[in-house]
Amino acid sequence: MIENQAIQPIRSDYERHRQIAVDAIRRTTAERESVLQAIVEHATASADTAIGAISIIDRDRQWIAARVGINATETLRSESICAKALLRPGEPLIILDTTLDTRSAGLPMIIGAPYVRFYAGIPLISRSGYALGALCVVDTSPREVAPDMSALGRLARQAERILNG
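A few points on the structure.

The rules behind the values
Residues numbered from 1 in each chain as written. Predicted model: local features only at pLDDT ≥ 70, side-chain atom pairs only at ≥ 80, totals over all residues. Heavy atoms only, no water. Buried < 20%, exposed > 50% of the residue type's maximum accessible area, 1.4 Å probe, protein only. Helix = DSSP H or I, 4+ residues; strand = E, 2+ residues; numbered from the N terminus. Pairing = 2+ DSSP bridges. Axes fitted to C-alpha atoms, helices over the stretch in contact; angles between N-to-C directions. Contact = heavy atoms within 4.5 Å.

### Re the pairing of strand S1 (residues 51–57)
Phase 1 of the analysis: Among the 7 residues of S1, 7 are classified as buried, and the element is accordingly described as predominantly covered.
Phase 2 of the analysis: Of the two faces of S1, both are covered, the one formed by Ile 51, Ala 53, Ser 55 and Ile 57 as well as the one formed by Gly 52, Ile 54 and Ile 56.
Phase 3 of the analysis: Examined bridge by bridge, S1 and strand S6 (residues 131–139) share 6 bridges and lie antiparallel to one another. The residue of S6 that forms the bridge with Ser 55 is Ala 134.
Phase 4 of the analysis: Relative to strand S2 (residues 61–68), S1 runs antiparallel, the two sharing 6 bridges. Pairing of Ala 53 across the sheet is with Arg 67, part of S2.
Phase 5 of the analysis: Here S1 folds back onto S2 in antiparallel fashion, the turn holding 3 residues.

### Side note on the sheet that holds strand S3 (residues 74–76)
Phase 1 of the analysis: In spatial order, the strands read S3-S2-S1-S6-S5-S4; together these 6 strands make up an open sheet with antiparallel pairing. With partners counted over all chains shown, the strands left at the sheet margins are S3 and strand S4 (93–95), one partner each. Neighbour to neighbour, the strand axes of the sheet diverge by 25 degrees on average, direction disregarded.
Phase 2 of the analysis: Lying on the sheet, helix H3 (residues 33–47) is in contact with S1, S2 and S6; it crosses S2 at an angle near 75 degrees.
Phase 3 of the analysis: Sitting on the sheet, helix H6 (residues 149–163) is in contact with S1, S4, strand S5 (118–125) and S6, with an inclination near 40 degrees to S5.

Here it is in structure tokens:
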């Protein structure tokens, strides 16, 4: 059974302050898309995955600031694996087989195209300590082991510096 509460957005004072931080980075993100794109390209190459993204989790949607291997520029927040990375801002979210994990098994991208089977995401944190979104690498095959998370962590910190201006 899939836990519906894990799919719902966080609603609290934290979420209100987090959203203020997200609103503050909009212009910075748009101005630096090419640099963010280079980070995603490096991340997917490093993790040997077909898909990667820097996503920003907004009120009700996930918008994708940079991407490799997908055409989407946004999805509903409730359909985003990256939104689940916000629940533990100081930790990476690694799902070796998305079909076996209650946080992701029923999501449209798992049960339909692009048939995501592996996910690793590192929350991107604002200067004020709020999770903005995630740098993620994704594949269509499950994995037995995670990629080098320290390398992805370094790329995530680089993306944070860019987002935070």
